[in-house]
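Here is how the chains run, residue by residue.
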Amino acid sequence: MSSTTPEPRATEPKTAGPGSPESDDAQAPITSVFSGMQPSGELHIGNYLGALKTWVQLQERYPCIFCVVDLHALTQPFEPREMPGRIRDMVIGWLSAGLDPDRCTMFVQSTVAEHAELAWVLNTITPMGLLERMTQFKDKSKRQPENINVGLFDYPVLQAADIVVYRADGVPVGEDQVQHVEFTRDVVGKFNYRFGETFPMPRARLSQAPRVMGLDGERKMSKSLGNQIGLNDSPEEVWNKIAPAKTDIRRKRRTDPGVPEECNIFSYHRFFSSSEQQAWAAEGCRTAGIGCRECKRLVADNINAVLAPMRERRAAIERRPRLVDETLAAGTAKLRPLARETMELVRERLGLPTAERYQPSACRSRSTDPTASSPPSPSGGTGR
Ligand code: SF4
């Protein structure tokens, strides 16, 4: 095996694994897709590989709804004055990564009130035991022991409402979110059994890169941990982050062989490098035929090749300052009627009045129309 550095990839790699969008023809077809992301501000390659890359592919195949889940973000410590910027930066990141407002629907969760309304209904049929089993609650409780709020515990119920309020049946997720889709399926099953067939049964679609480690090699990539490569990073910033990153500890000197499978940089090769390049890095690492610097240079070049078109799109978006607001406004306008329609059906199933039932105008028309139904009086009479 030659240790000559192969050419960087000109385009991003295309892989298909079990559960990936490319392989899901073997599974039951889905008709619509819902997914969401907390407004963390600037996105990183972990967000891209774990979700966005799949979203960009899915928008070509299905009606897709992508949601900035700001209500979920309230369960963690946050600064209100930063929230608008976080939402905006996230949507700029989505558009830069290739989401197209003409091919999918993007909106902010809190602008469609039916999410919270349906979550309350689902709360009433969700056993505590189901929520107590959720591993994400346990993890987050450990991370923020000073703020273990009810919303954090109830998070999966709101997530279930997010999906079913649009009666979506496809949910692209990383491995760590599969339990949440299973939870949603449990809740949907309970609702449909108790009140009649109302919601389709959602299914998880595993993304291609379930877990991307941060530059520290110890924890999942996260902006809050400061171990990320941002989608907005310049080529120099990418290199300045990759160059000092940890490698396999066996390679103390250039002549020491290493074990690529135990090196975090090699995990990035798996995501960004061709199979030929991966073989070159693995062989060169095991035989000490290459140095870590060459190995890192190649992966940095490959990451930059993927980020380059995103930087161009970002520059174009910044020349259209109204684009983000217009995209989100169009999304809300399209989705509100769908969510209202679902809630009307849910109200009917539960025996609750429709949202319009006690509007003053509806009462006036009932008082002039003798055939309009009236609510029963407290004594059980006709209410006259
Ligand atoms: S040669 Fe590459 S894979 Fe091996 S330890 Fe160095 S950076 Fe990691």
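Residues numbered from 1 in each chain as written. Predicted model: local features only at pLDDT ≥ 70, side-chain atom pairs only at ≥ 80, totals over all residues.

Draft legend 1. Region of interest: the overall build of the protein. Along the protein, the regular secondary structure elements total 14 helices and five strands. When each of the 384 residues of the protein is scored for burial, the buried share is 37%. Sequence separation of at least 24 residues holds for 76% of the intrachain contacts in the protein that already meet a minimum separation of 6. (Helix = DSSP H or I, 4+ residues; strand = E, 2+ residues; numbered from the N terminus. Buried ≥ 20, exposed ≤ 12 C-beta atoms within 10 Å, placed from the backbone. Contact = placed C-beta atoms within 7 Å.)

Draft legend 2. Representation of the nonpolar core within the structure. Ile65, Phe66, Val91, Trp94, Ala161 and Val299 are the most contacted members of the largest nonpolar core, which has 86 residues in total. Both domains that furnish three or more residues to this core are identified here as domain 1 (21–210) and domain 2 (233–318). (Core = buried A, V, L, I, M, F, W, Y, C linked by C-beta atoms within 7 Å. Domains from an automatic or database assignment.)

Draft legend 3. Broad picture of the packing of helix H9 (residues 235–242) against helix H12 (residues 292–318). H12 packs onto H9 with a crossing angle of 145° between their chain directions and a minimal axis gap of 10 Å. Crossing geometry of H9 relative to H12 is assigned as right-handed. Residues Pro235, Val238, Trp239 and Ile242 of H9 form the contact with H12, whose participating residues are Lys296, Val299, Ala300, Ile303 and Asn304. Here the contact of H9 with H12 is built from residues that sort into seven nonpolar, one polar and one charged. (Axes fitted to C-alpha atoms, helices over the stretch in contact; angles between N-to-C directions. Left-handed = near helix turned anticlockwise from the far one by under 90°. Nonpolar A, V, L, I, M, F, W, Y, C, P; charged D, E, K, R; others polar.)

Draft legend 4. A look at the pairing of strand S1 (residues 33–37). Buried residues dominate S1, accounting for five of its five residues. Here five bridges tie S1 to strand S2 (residues 64–68), and the two strands are oriented parallel to one another. From the neighbouring strand, Ser35 faces S2, where its bridge partner is Phe66. Crossover connection from S1 via helix H1 (residues 45–58) to parallel S2: handedness right-handed. (Pairing = 2+ DSSP bridges. Right-handed = clockwise from strand over helix to strand, strands pointing away.)

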